[in-house]
Amino acid sequence: MTRTLTEAVAITLTTARKNANLSQEELAHRSGLDRTYISGIERGVRNITLNSLERVVNGLGVEMSVFLLEIINGLKIQDTK
């Protein structure tokens, strides 16, 4: 079974945030969003809007195209459960 888009976004965001050595709190501050919203996205329980996605990606300091490619690659990974 392939991952859902929500799962792929959650994994990509968490990985990118950790690679940038940012806490959820710091990313939330940089993005102008609430930490609990960032947490909800990373746990896959919140559906991120396109506006919020743009703010988060800008807060991470990465190119949107790179982030989106990571999501696409994440969708292709098979769940081995």
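All chains use their own residue numbering, which begins from 1 and follows the written sequence. Only residues with pLDDT of 70 or above have their local features reported here, since the model is predicted, and side-chain atom pairs are shown and tallied only from 80 upward, although totals for entire chains, interfaces and linings are computed over all residues. Excluded from the side-chain calculation are hydrogens and water; included are all heavy atoms of the structure.

> Give a description of helix α3 (residues 35-43) that names residues and reports values.
The rule is simple: take the accessible area with a 1.4 Å probe, protein chains only, and divide by the maximum for that residue type; under 20% is buried, over 50% is exposed, in between is partly exposed. Note on conventions: DSSP H or I runs of at least 4 residues are helices, E runs of at least 2 residues are strands, and numbering of each starts at the N terminus. Regarding α3, the residues found buried are Y37, I38, S39, G40, I41 and E42. Only heavy atoms matter for contacts: two residues are in contact if any of them lie within 4.5 Å across the pair. Looking at the buried residues of α3, the elements they touch are α1 (5-19), α2 (24-31) and α4 (50-60). In the segment just after α3, G44 is the residue with positive phi, at about 80°.

> Can you break down the nonpolar core residue by residue, with the values?
Core analysis: the biggest nonpolar cluster contains 17 residues, and L13, L27, I38, V56, L60 and F67 have the highest contact counts within it. Of all the elements in the fold, those that place two or more residues in this core are α1, α2, α3, α4 and α5 (64-76). Excluding its chain neighbours within four sequence positions, the residues that come into contact with F67 are T12, L13, A16, L53, V57, L60 and V62. Think of a nonpolar core as a cluster: buried Ala, Val, Leu, Ile, Met, Phe, Trp, Tyr and Cys residues, connected wherever their side-chain atoms sit within 4.5 Å.

> Before we move on, can you summarise the pattern of salt bridges with the specific residues and values?
Between side chains of opposite charge, pairing is possible as soon as their charged atoms come close. The working definition used for a salt bridge is a side-chain nitrogen of Lys or Arg within 4 Å of a carboxyl oxygen of Asp or Glu. If you walk through the whole model with that rule in mind, you get 2 salt bridges. Here E42 makes a salt bridge to R17, at a shortest N to O gap of 2.5 Å. Here R17 lies in helix α1 and E42 lies in helix α3, a separation of 25 residues in the sequence. Across the pair, R17 and E42 agree in class, each one buried. The partner of R30 in a salt bridge is E26, with the nearest N and O atoms 3.2 Å apart. Residue R30 and its partner E26 are located together in helix α2, separated by 4 residues, close to a single helical turn.

On their own, these measurements won't tell you what the molecule is for.
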